[in-house]
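The lines below spell out each chain.
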Amino acid sequence: MNYKGAKKGWMKVLNKSKLVMQTNESKSVMNSIRLKDGEVEVNYKSSLEFKAFRYCDINKYIKKWSLEPFSIQYYKPTTKKFHKYFVDLYIEFENNQKFLVEVKSYKETIKPTIPKKKTQKAMLNYNKAEETYAINLCKWKAAEAFCQERGIRFLILTERELK
């Protein structure tokens, strides 16, 4: 998802040996990593992703990390169909703790509140936020189950954690 005013771009990876380049069915993964002049760069879609990727790259306790490592099937209530969800990051620490990490704006992790002024625009924004929140909950429930089966922890990082 693109956020209004979100910082987007390419980040040079300093510790190339830690980045695991996945080959899965996600075309976005292939578009998220590039080799340029012998360097590896990863594409970030928001300033929050940039902070998370930089953290993975420079943290001496992280053994390896990768972008959108797994496809997780989830049921999307708005379409009443199953879809694929690609969690943002897989992180493995030196102590062998493993995490699947979703990077999200905090406002997308909490239930939206009904606007005080119920203008057409305000209600449209509220309905869109409600839909996004409901879809996110379905994705996260599927990710939790996926992780539980594999002994991995699922985390959601927001701007509150990525200061």
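Residues numbered from 1 in each chain as written. Predicted model: local features only at pLDDT ≥ 70, side-chain atom pairs only at ≥ 80, totals over all residues. Heavy atoms only, no water.

1. Focus: the overall build of the protein
Then comes step 1: A tally of helices and strands in the protein yields three helices and nine strands.
Then comes step 2: For the protein, the sequential pattern of α-helices and β-strands runs β-α-β-β-α-β-β-β-β-β-α-β.
Then comes step 3: In summary, the protein has a C-alpha radius of gyration of 17 Å against a globular reference of 15 Å for 163 residues, a match within 12%.
Then comes step 4: For the C-alpha atoms alone, the extent of the protein along its principal axes is close to 55 × 35 × 30 Å.
Then comes step 5: Sorting the 163 residues of the protein into buried and exposed places 42% on the buried side.
Then comes step 6: The long-range fraction of contacts in the protein, counting pairs at least 24 apart against all pairs at least 6 apart in sequence, stands at 62%.
Then comes step 7: As displayed, the protein offers around 10300 Å² of accessible surface, 52% of which is attributable to carbon and sulfur atoms.
Then comes step 8: Averaging the coordinates of the 34 positive side-chain charges in the protein and doing the same for the 18 negative ones gives two points 6 Å apart. (Helix = DSSP H or I, 4+ residues; strand = E, 2+ residues; numbered from the N terminus. Rg over C-alpha atoms; globule rule 2.2 N^0.38 Å. Buried < 20%, exposed > 50% of the residue type's maximum accessible area, 1.4 Å probe, protein only. Contact = heavy atoms within 4.5 Å. Areas by Shrake-Rupley, 256 points an atom, 1.4 Å probe, with all protein chains shown as cover. Lys, Arg positive; Asp, Glu negative; His and termini not counted. Charge placed at Lys NZ, Arg CZ, Asp CG, Glu CD.)

2. Observations concerning helix H3 (residues 120-150)
Then comes step 1: For H3, which comprises 31 residues, the first-to-last C-alpha distance of 45 Å matches the rise-based estimate of 45 Å (1.5 Å per residue) to within 8%.
Then comes step 2: Every buried residue belonging to H3 is among Ala122, Tyr126, Thr132, Tyr133, Ile135, Asn136, Lys139, Trp140, Ala142, Ala143, Phe146 and Cys147, and all of these are buried.
Then comes step 3: Those residues of H3 hidden inside the fold are in contact with strand E5 (71-76), strand E6 (81-86), strand E8 (98-103) and strand E9 (153-157).
Then comes step 4: Directly after H3, the chain includes glycine 151, whose backbone phi takes a positive value near 70°. (Expected span 1.5 Å × (residues − 1).)

3. What to know about the nonpolar core
Then comes step 1: Judged by nonpolar contacts, the single largest core of 22 residues is most densely connected at Val42, Phe53, Trp65, Leu89 and Ile91.
Then comes step 2: Those elements giving two or more residues to this core turn out to be strand E3 (39-44), helix H2 (47-58), strand E4 (62-67), strand E7 (89-93) and E8.
Then comes step 3: Among all residues touching phenylalanine 53, those that are not within four sequence positions of it are Met11, Val42, Asn43, Tyr44, Trp65, Leu67 and Leu89.
Then comes step 4: Among the nonpolar cores identified, the runner-up in size contains 14 residues, and Tyr74, Tyr85, Trp140 and Phe154 belong to it. (Core = buried A, V, L, I, M, F, W, Y, C linked by side-chain atoms within 4.5 Å.)

4. Remarks on the sheet that holds strand E1 (residues 9-12)
Then comes step 1: The strand order across the open sheet built from three strands is E1-E3-E2, with neighbouring strands paired in antiparallel fashion. Among the strands making up the open sheet, the edge pair consists of E1 and strand E2 (33-36). Taking each pair of neighbouring strands and ignoring which way they run, the sheet shows an average axis angle of 35°. (Pairing = 2+ DSSP bridges. Axes fitted to C-alpha atoms, helices over the stretch in contact; angles between N-to-C directions.)

5. Notes on the confidence of the model for the protein
Interpretation of this model should avoid reading the predicted coordinates in detail wherever pLDDT is low.
Then comes step 1: For the protein, per-residue confidence averages 89 on the pLDDT scale, and residues scoring 70 or more make up 90% of the total.
Then comes step 2: In the predicted structure, residues 1-5 sits below a pLDDT of 50 and forms seven contacts with residues beyond four places in sequence or in another chain. (pLDDT = per-residue confidence, 0-100.)

6. Side note on the side chain of glutamate 92
Then comes step 1: Structurally, glutamate 92 can be placed in strand E7.
Then comes step 2: For glutamate 92, the side chain forms a polar contact with the side chain of tyrosine 90, separated by 2.7 Å.
Then comes step 3: Residues in contact with glutamate 92, not counting those within four places in the same chain, are Ile62, Lys63, Lys64, Gln97 and Lys98. (Polar contact = N/O pair within 3.5 Å; in protein donor to acceptor, adjacent residues only side chain to side chain.)

7. Observations concerning unusual backbone geometry
The phi torsion of most residues other than glycine is negative, and most of the peptide bonds are trans.
Then comes step 1: You will see that aspartate 37, though not glycine, has its phi angle at about 55°, which is positive.
Then comes step 2: Unlike most non-glycine residues, glutamate 68 shows phi in positive territory, near 40°.
Then comes step 3: Along the polypeptide, glutamate 68 turns up in the loop between E4 and E5.

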